[in-house]
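Each chain, written out:
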Amino acid sequence: MSEINSRKIRNICILAHVDHGKTTLADHLIAAYGGGVLHPKLAGNIRFMDYLDEEQRRAITMKSSSISLHFRDQFINLIDSPGHMDFCSEVSTAARLSDGALILVDAVEGVHIQTHAVLRQSWVEKLTPCLVLNKIDRLITELKLTPMEAYTRLLRIVHEVNGILSAYKSEKYLSDVDALLAGASVDETGEYDHELIEDDEEDTFQPQKGNVAFVCALDGWGFCIEQFAEFYASKLGASISALTKGFWGPRYFNTKKMMVVGKKGMEGVSRDPQPMFVQFVLKPLWQVYQAALDVDGDKDMLNKVIKTFHLSIPPRELLNKDAKTVLQVVMKRWLPLSDTVLSMVIKSMPDPITAQSIRISRLLPKREFAGDAAGHSSDVIEEAERVRKCVKACDPSSDSPCVVFVSKMFAFPAKMIPQKGPNGEKWSQSLAGEIEGGDSEECFLAFARIFSGNLCLGQKIFVLSALYDPIDVNMSQKHIQEAEIQRLYLMMGQGLKPISCASAGNIVAIQGLGQYILKSATLSSTRNCWPFSSMMFQVAPTLRVAIEPSDPANMSALMRGLRLLNRADPFVEVSVSSRGEHVLAAAGEVHLERCIKDLKERFAKISLEISPPLVSHKETVEGGDAFSFLDNLKISTVGSQYVEKVAANGRCVVRVFVAKLPNALTKVLEENGEVLADIIEGRPVKKTGKLGFVSHGDGDPVAVLRKHMVDSLENELGLTSEKADKERSERCKQLCYSFLQRIWSFGPRQVGPNILLVPDTKAGDIHSSNGERGVLVHGSPLVSKKLGFLDNSNSVLGSENGEQPEETAFLFMEALKNSIVAGFQLATSAGPLCDEPMWGLAFLVESYIFPANSEVKDQLDQYGIFSGQVMAAVKESCRAAVLQNNPRLAEAMYFCELNTPGDFLKKTYGVLSRRRSRVLREEMHESSPLFAVHAYVPVAESFGFADELIKSTGAAASALLVLSHWEVLDEDPFFVPRTEEEKEEYGDGSSVLHNMARKLIDEVRRRKGLHVEEKVVQHATKQRTRSRKVFVGASFFLISLLLPCWISSTRTSSNLGYITPQPLQGFIFIYSISRLQPLT
């Protein structure tokens, strides 16, 4: 493949909501131009790209797979991607390797939540999109719409999709403006300016531009309006370009003047004028369908179509008794789907050379260096810049550096690996068992694209991780490895075609990198190359379960299987909890089920025990309005509601005050955790993480993040409103900025949504019982300095003007700073309610030491036990402060998009109500019996939600869950009636049932093995014995009544000559009655 011209290559992916027809469309493209791997009659039914058993069973795509098509003189690498939200990571891997995206939208269902997600993914990755409106036939056969109604529906969908992309363009524009206002530098080559002045006034998708197709993937037909314009040009005497522009929008054809006019130009010509798209495009389609499918339809209509367009159809296919089959044959020949879509791809989507010049700012952002770094490593920087220019130009020459990006590693059955080379030679050695000691039945291949140079068999190449820095020599050895390309394949769906070499612009599968790459990496022929920016994922894996083998002897097999699964799935997370459990994290229930199935059947091959889902929660405090946070900022621990703890040896006193952060600031910190980690660690900031707003700024990410933190506080407090008092707003702004200048640390793990503030040196003093004055441990606003809120030259704490401590006290203070931060990190990682992380809190910690205390002066241990005591004191103080300030529990919420017929709406609401859901809105689809219901569903209540919905509605309703936000439960977990009204309603408190917050806390504590306060039955055996005695007494009373009757009966029977029962039998009868147990 090295001889293929890069100008004749197209790399595209198919993106859509689940069940909108991606794989069916791919079937028709493969059947037409896939080299004979799929028969045309099987297209649309076999789902060629879904070759996994689980995919066929569930009828959904679960992975991204590629195939190479040869259309005319062009080579098209097609990637089919999943539409289910649980497999959104596969969408990210497909988008990274592509230059264009086919966005499919169901013409009946319209735009869904996953449509928004894939449009955002294509926008972030700078892909060139084309819109495909699928299932046009359902507008005719199911909804029974008129051509005008169908046109209105299609027009609305196109406008809605354009509106979504326009919102992203506006977001990008605002982000660029923020970067400029924050002082971001402009690229000397003009890249940044080009992005900033990008025209966003014109709609992205316009049928007259040729980037919108109207198709029916199941029947195999489709068209662009240019095809009809070419047909009508000779008949109407108009140019093709004029008709193409007139076939969409409010354009009408004046038959008297034979001109394309507006609606005013139709006055006096027609009472009910119809747009040209309806008159010349939709009406003929409706007439063909009605003639073929209606009982009283015009059967000669199909023959007219065949003769008019000179279609070559075998007569035996027209004699089929099934009218639907005959219609499909005619429509496939008249408007072939594959030719329509691939022609649109060639015309509207760029080749790799053009695309990489557009995407270079996303793939390899331009780096900026300080003067010292640039001076010492000028040769390295120069070569790295040369590599970047080669990637931008997609240089396929042999002397250019080879640069490859691996988006994922995927497992492939070893028995399906080709055993012969590209020229038919038999390979001498097999690498099928290259993982885990050579006995694995799975071989790991790299799903990769070549961005520069050539990649050949046997080539030596460097594997660069995302943390690799060519300038930092000490770090280079840890994040770089050297490997050799053992095998190279061209992917053909479920098959592999061996090749010897591939040039820039191609998508390939590489064998031999399984032991070097975990999930993704950059391959380069030179060490002096920056790694590609990391991919962005729409959600994070939130569904966690603990896994253990049924037989403890198989623990080694489980660990090996988890390692293989972690490498094979780009989105799964494998970890070991603090209790020693092996925890598997997935995106959702479907994703988790597939992971467990792969673990049992492919990787571990053992029986497993799966725990109930481990749901994450957050701990916070009750928050008031936005201005209550401002009031808290003015207060130190002097005279305020604080918690005080003393170290075990009495040499340190810790005072802690806690306040609730504004929700907007908490959201900013939570969404940009990875950016904060890079800033705090001093690494180059990578555009990673969720699809947040910071990722869109091509300027300085630190400046953009800093501005968004300030804006979040000002917007939450309403300081930007025109109605706000200017003087008061200025005072509030200064107070907010002084708060941002006092950030000592984030937590937990240094990047969480909790803030540790530096204590004010003007705080009051503290004295011990013997009159010793405590010395305040001054913190360091390290994070504020790294974020640019505070320069190294100035200080807002007044430490310079304060009294300098003695030398001994100074040594103590320096030694205890890390202990204070460590105690804060421990406290925020495990809160007091149920050891869950804290969320959205600001802590002010004041630590006082008494170095001159004569009682403990001989116990000086600067870095030993005393530091641990301070750490424990800070941790317990922070936890106690949370308990003192009305603690609350926060739970994760799913956004649920649910579609159901009106007949099952009541049952659907019943399922939602049982899951503690909150319905946001309900609306009916236009010209459809389906209702769309949007609701928030707690993650803790979502397990089994889809199954219950299917059982309740008979599979008539479908739902999609997407992680939305964290929501605080407005319930006090320690509620006790205090007021007269509360006591009147709930009693004295002894009989009050636990609310939902307390139940969730008890469930988590019980799972973690923590103490749970609950009432249990004591001395159950005594209670059982007491009830038994009562029954035994009743039995003897009954016997005393029946015994005389029994004696008299025995005497009577003896007089009559019957056999008299033995006394022993009577005693056995009485004893057996007395031993009867009560029914419970």
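The name given to the protein chain in an unreviewed UniProt entry is Tr-type G domain-containing protein, with Platanthera guangdongensis as the source organism.

1. Quick look at the overall build of the protein chain
A count of helices and strands for the protein chain gives 34 helices and 34 strands. Across the 1080 residues in the protein chain, those meeting the buried criterion constitute 52%. Considering only intrachain contacts with a sequence separation of at least 6, the fraction spanning at least 24 residues in the protein chain is 76%. Surface accessibility of the protein chain: about 49,700 Å² in total, with carbon and sulfur atoms responsible for 52%.

2. Some remarks on the packing of helix α10 (residues 276-293) against helix α11 (residues 300-308)
Relative orientation of the contacting elements α10 and α11 amounts to 135°, with a least axis distance of 8 Å. Considering the angle they form, α10 stands oblique to α11. Contact with α10, carried on its side by Q287, V288, A291 and A292, involves M301, L302 and V305 of α11 and no other residues of that element.

3. Notes on the sheet that holds strand β23 (residues 608-610)
Reading across the sheet, the 4 strands line up as β21-β22-β20-β23 and stay open at both edges, with antiparallel pairing between neighbours. With partners counted over all chains shown, the strands left at the sheet margins are β21 (573-576) and β23, one partner each. Across this sheet, the average inter-strand angle for adjacent strands is 30°, counted without regard to direction. In the packing of helix α20 (residues 589-603) onto the sheet, the strands contacted are β20 (543-549), β22 (582-586) and β23, and the crossing angle to β22 comes to about 130°.

4. Section: the side chain of S819
Note that S819 resides in helix α27 (residues 807-829). With a relative accessible area of 5%, S819 lands in the buried category.

5. Some remarks on the pairing of strand β30 (residues 841-849)
The side chains of a regular strand alternate, first on one face of the sheet and then on the other. Burial within β30 is extensive, with 9 of its 9 residues counted as buried. Of the two faces of β30, the one carrying L841, F843, V845, S847 and I849 and the one carrying A842, L844, E846 and Y848 are both buried. Relative to β30, strand β26 (residues 652-660) runs antiparallel, the two being bridged by 9 bridges. What sits directly across from A659, in β30, is A842. Strand direction decides the pairing type here: strand β28 (residues 754-757) and β30, joined by 3 bridges, are parallel. What sits directly across from I755, in β30, is A842. Bridging between strand β29 (residues 775-776) and β30 involves 2 bridges; their strand directions are antiparallel. In the sheet register, L776 faces β30, and the bridge partner there is Y848.

6. Considering the packing of α10 against helix α13 (residues 323-334)
Where α10 meets α13, the closest approach of the two axes is 9 Å, and the angle between their N-to-C directions is 150°. In terms of orientation, α10 lies roughly antiparallel with respect to α13. Crossing geometry of α10 relative to α13 is assigned as right-handed. Along the contact surface, α10 presents L285, V288, Y289, A292 and L293, while α13 presents A323, K324, L327, M331 and W334. Of the residues assigned to the contact of α10 with α13, the class counts are 9 nonpolar, no polar and 1 charged.

7. Section: the pattern of salt bridges
Close approach of charged atoms lets side chains of opposite charge pair. Enumeration according to the criterion identifies 40 salt bridges in this entry. Between R7 and D351 there is a salt bridge whose closest N-O contact spans 3.3 Å. With a gap of 344 residues between them, R7 in the segment before β1 (9-16) and D351 in the loop between α14 (337-348) and α15 (352-363) connect regions that are remote in the sequence. Residue R58 pairs with E593 through a salt bridge whose shortest N-O separation is 2.1 Å. Taken as a pair, R58 in helix α2 (residues 53-58) and E593 in helix α20 lie far apart in primary sequence, 535 residues in all.

8. What about unusual backbone geometry?
The omega torsion of the bond from G747 to P748 falls at 0°, within 30 degrees of zero and hence cis. Tracing the chain through its elements places P748 in the loop between β27 (743-747) and β28. Backbone geometry at C394 places phi at a positive 50°, although glycine is not the residue there. Assignment of secondary structure puts C394 in the loop between α17 (378-393) and β10 (403-413).

9. A few points about the state of the cysteines
Counting across every chain of the model gives 1 disulfide. Across the disulfide, C456 is cross-linked to C501 (sulfur-sulfur distance 2.4 Å). Of this pair, C456 sits in strand β12 (residues 454-456) while C501 sits in strand β17 (residues 501-503), and the two are 45 residues apart along the sequence. Using a relative accessible area of 26% as the deciding quantity, one classes C456 as partly exposed.

10. Section: a negative patch on the surface
A cluster of acidic residues, E980, E981, E984 and E985, forms a negative patch on the protein surface. In this fold, E981 is placed in helix α31 (residues 980-986).

11. Details of α11
Turning to α11, its buried residues are M301, L302, V305 and I306. Projected onto a plane normal to the axis of α11, the buried residues spread over an arc of 140° and lie on a single side. Elements in contact with the buried residues of α11: α10, α12 (315-318) and α13. At the C-terminal side of α11, H310 shows a positive phi close to 55°.

Thresholds applied
- Residues numbered from 1 in each chain as written.
- Predicted model: local features only at pLDDT ≥ 70, side-chain atom pairs only at ≥ 80, totals over all residues.
- Heavy atoms only, no water.
- Helix = DSSP H or I, 4+ residues; strand = E, 2+ residues; numbered from the N terminus.
- Buried < 20%, exposed > 50% of the residue type's maximum accessible area, 1.4 Å probe, protein only.
- Contact = heavy atoms within 4.5 Å.
- Areas by Shrake-Rupley, 256 points an atom, 1.4 Å probe, with all protein chains shown as cover.
- Axes fitted to C-alpha atoms, helices over the stretch in contact; angles between N-to-C directions.
- Parallel < 35°, antiparallel > 145°, perpendicular 65-115°, else oblique.
- Pairing = 2+ DSSP bridges.
- Left-handed = near helix turned anticlockwise from the far one by under 90°.
- Nonpolar A, V, L, I, M, F, W, Y, C, P; charged D, E, K, R; others polar.
- Salt bridge = Lys/Arg side-chain N within 4 Å of Asp/Glu carboxyl O.
- Disulfide = S-S within 2.5 Å.
- Patch = residues over 30% accessible without salt bridge, like charges linked within 9 Å, V, L, I, M, F, W, Y side chains within 5 Å.
- Lys, Arg positive; Asp, Glu negative; His and termini not counted.
- Charge placed at Lys NZ, Arg CZ, Asp CG, Glu CD.
- Arc of directions from axis to C-beta.

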